[in-house]
Amino acid sequence: MSTEHIMGLTLKDHEAAFTEVAFLIDIFAATIDNIMGGSTSSVGRMAGRDTARKYPVYLQNPSLDDAVAVVAERMKAGFSIALEKQGDEKNLVFDRCIIRDICDKRNLELGQALCRLFHYYVDGVIDELINRPVKSDIAQCGKTCRTCIRIQ
């Protein structure tokens, strides 16, 4: 593919590509959820841990703050992720989220199979970066989403 062809893409081309990717991600997540049922969390976490092992980072004495900073930087093209702390409670806050956009495009309810699979994936990434089990629960869905995250 030549540079001229890449540079000649239109907004319509990008929208068509997004529609196709959204469709594929939707069926992928739905299929995993249908096949794996309650084990979907393991699939997401394994994928996340595998991804984190490929990150070109080394965190000496890693903390949750460090891991979230790495995740936020690596995923900034499609997400705005921040760690919010209130007392002992820690939340991941997603202001911008391409998964939310996909759910909107595919008329999927937020917080369901696709969102859960994504959050299990993020748990796996953080788990690998801090070398401790991580579990999050979706606490809020909407224009801003929150997951309550716990280090086990």
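Here the residue numbers are simple positions, counted from 1 along each chain's written sequence. Two thresholds apply to this predicted model, a pLDDT of at least 70 for residue-level local features and 80 or more for giving and counting side-chain atom pairs, whereas whole-chain, interface and lining totals are computed over all residues. To get the side-chain values, take all heavy atoms of the structure and skip hydrogens and water.

(A) Expanded view of the pattern of salt bridges. Salt bridge, as used here: a side-chain nitrogen of Lys or Arg that lies within 4 Å of a carboxyl oxygen of Asp or Glu. In the structure shown here, the tally under the stated rule is 12 salt bridges. Across the pair R150 and D137 runs a salt bridge whose closest N-O atoms are separated by 2.9 Å. Of this pair, R150 sits in strand β4 (residues 145-151) while D137 sits in strand β3 (residues 134-140); the two residues are 13 residues apart in sequence, bridging distant segments of the chain. A relative accessible area of 33% places R150 in the partly exposed class. Residues joined by salt bridges that share partners form a network here, namely D50, R53, K54 and E128. A run of DSSP states H or I qualifies as a helix once it reaches four residues; a run of E qualifies as a strand once it reaches two. Both are numbered from the N-terminal end. Note on exposure labels: buried denotes an accessible area under 20% of the residue type's maximum, exposed denotes more than 50%, and partly exposed covers the range between, all computed with a 1.4 Å probe on protein chains only.

(B) Quick look at the sheet that holds β4. Two strands qualify as a pair provided that DSSP identifies no fewer than 2 bridges between them. The strand order across the open sheet built from four strands is β1-β2-β4-β3, with neighbouring strands paired in antiparallel fashion. A strand with exactly one partner marks an edge of an open sheet, and here the two such strands are β1 (79-86) and β3. Each strand of the sheet is rotated relative to its neighbour by a mean of 30°, with strand direction disregarded. Here helix α4 (residues 64-74) sits on the sheet and contacts β1, β2 (89-97) and β4; the angle it forms with β1, its principal contact strand, is near 165°. Whenever a helix is involved, its axis is fitted only over the stretch in contact; in every case the axis is a line through C-alpha atoms, and angles between N-to-C directions fall within 0 to 180 degrees. The contact criterion used throughout is that any non-hydrogen atoms of two residues lie within 4.5 Å.

(C) Molecular detail of a nonpolar patch on the surface. Like charges are joined within 9 Å and nonpolar side chains (Val, Leu, Ile, Met, Phe, Trp, Tyr) within 5 Å, but only among residues with over 30% relative accessible area and no salt bridge; these make up the patches. The accessible surface values rely on the Shrake-Rupley method and a 1.4 Å probe; as for residues, cover is taken only from the protein chains in view. Together, F23, L24 and I27 make up an exposed nonpolar region whose accessible area comes to about 240 Å². Checked against the element boundaries, F23 lands in helix α2 (residues 11-36). By relative accessible area, which is 34% here, F23 ends up partly exposed.

(D) Structural context of empty space enclosed by the protein. Only protein atoms enter the 1 Å grid used here. Points where a 1.4 Å probe fits but cannot escape make up a cavity, open sets with protein on both sides within 12 Å along at least five of seven lines make up a pocket, and a residue lines them when an atom lies within 4 Å of a point. Grid points are joined across faces, edges and corners, and a volume is the space filled by probe spheres set on the points. As enumerated under the stated definition, the model contains one cavity of 30 Å³ or more in all. Size it by volume and the largest cavity reaches roughly 60 Å³. Along the walls of the largest cavity sit F94, C97, I99, R100, C115, F118, H119, I138, C141 and C145, which together make up its complete lining. Elements that contribute at least two residues to the lining of the largest cavity include exactly β2, α5 (98-106) and α6 (113-130). Element by element, the count of residues in the lining of the largest cavity is highest for α6, at three residues. Three residue categories are used. Nonpolar comprises Ala, Val, Leu, Ile, Met, Phe, Trp, Tyr, Cys and Pro, charged comprises Asp, Glu, Lys and Arg, and polar comprises the others, including Gly. When grouped by side-chain class, the residues that make up the lining of the largest cavity number eight nonpolar, one polar and one charged.

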